[in-house]
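Below are the chains, spelled out letter by letter.
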Amino acid sequence: MKQNLTPDGVAAKIAEIYAMTTTNRLAEASAVESSFKTWVSDNFNLSTDQATFLSGTSSSAASNYGYNCGICFRNMLQIALIVPPHRDQSTKWLKLNNNIIVGTNAAGAYEATGSLTFEYEYRD
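Position numbers for residues count from 1 along each chain, tracking the sequence in the order it is written. Only residues with pLDDT of at least 70 get local features here, since the model is predicted, and only at 80 or more are side-chain atom pairs given and counted; chain-wide, interface and lining totals rely on the full set of residues. Note that the side-chain values use all heavy atoms of the structure and ignore hydrogens as well as water.

Caption draft 1: Spatial organisation of the overall build of the protein. Going along the chain from the N terminus, every DSSP run of H or I of four or more residues is numbered as a helix, and every run of E of two or more is numbered as a strand. In terms of regular secondary structure, the protein is built from five helices and seven strands. Counting helices and strands in the order they occur from the N terminus, the protein gives β-α-α-α-β-α-α-β-β-β-β-β. Compactness check: the protein gives a C-alpha radius of gyration of 15 Å against a globular reference of 14 Å for 124 residues, within 12% of the reference. In terms of overall dimensions, the protein has C-alpha extents of about 55 × 30 × 25 Å along its principal axes. Each of the 124 residues in the protein was classed as buried or not, and the buried ones make up 33%. The contacts of the protein with a sequence gap of at least 6 include a subset with a gap of at least 24, amounting to 68%. The accessible surface values rely on the Shrake-Rupley method and a 1.4 Å probe; as for residues, cover is taken only from the protein chains in view. A total accessible area of about 7,200 Å² is found for the protein, and carbon and sulfur atoms account for 52% of it. For the purpose of charge, His is not counted, nor are the chain termini; Lys and Arg are scored as positive and Asp and Glu as negative. Throughout, a charge is located at the NZ atom of Lys, the CZ atom of Arg, the CG atom of Asp or the CD atom of Glu. If the 9 positive side-chain charges of the protein are averaged to one point and the 11 negative ones to another, these points end up 3 Å apart. Two things to know: the radius of gyration comes from C-alpha atoms, and the globule rule equals 2.2 Å times the number of residues to the power 0.38. Each residue gets one of three labels from its accessible area relative to the maximum for its type: buried under 20%, exposed over 50%, partly exposed in between, using a 1.4 Å probe on protein chains only. When checking whether two residues touch, look at their non-hydrogen atoms; a contact exists if any pair is within 4.5 Å.

Next comes the structure, spelled out in structure tokens:
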């Protein structure tokens, strides 16, 4: 089900994904890694401004966002969105605060911990 691209909508979408079967959750991880912009537009109701902002996101940033979301989906790590009040005459930026830690033990077993926070920032 599509959610609104709000903090509550992101929380609901993440809960929905983490309630999926492992196979479906891993498919979502592959989809977000493959095309972050498409995945976001397929999973969220976007306002005109949000759709414009998403389409203008550089492919390098979108690739990075998708890669990190894929890690979260695979390992059921927290993803949050912070939206401060809009300031007129400001430029909107989307920051990714990443505290994911990926490690392996002596046998090479993979582990990822941490979380992602997407945060809009308005700059003058």
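Caption draft 2: Examining the sheet that holds strand 7 (residues 115-123) more closely. Two strands pair under a simple rule: DSSP has to find at least two bridges between them. Across the sheet, three strands lie side by side as 3-7-4; this open sheet has mixed pairing. Edge positions in the open sheet fall to strand 3 (78-82) and strand 4 (91-98), since each of these has one partner strand only. Put simply, the sheet's adjacent strands are angled 15° from each other on average, direction ignored. Alignment of strand 4 against strand 7, held across eight bridges, turns out to be antiparallel. If you follow asparagine 98 over to strand 7, its bridge partner there is leucine 116. Under this scheme, a helix contributes an axis fitted over its contacting stretch, all axes are lines through C-alpha atoms, and angles between N-to-C directions fall in the 0 to 180 degree range.

Caption draft 3: The side chain of asparagine 43, seen in detail. Position of asparagine 43 relative to the elements: it lies in helix 3 (residues 36-43). A distance of 3.3 Å separates polar atoms of two side chains, one belonging to asparagine 43 and the other to lysine 13. If we ignore the near neighbours within four places in the chain, the residues touching asparagine 43 are Met1, Lys2, Gln3, Lys13 and Glu28. Pairs of N or O atoms are called polar contacts if they sit within 3.5 Å, as long as, within protein, a hydrogen donor faces a hydrogen acceptor (for residues adjacent in sequence, only side-chain-to-side-chain pairs).

Purely geometric numbers; function is a separate question.
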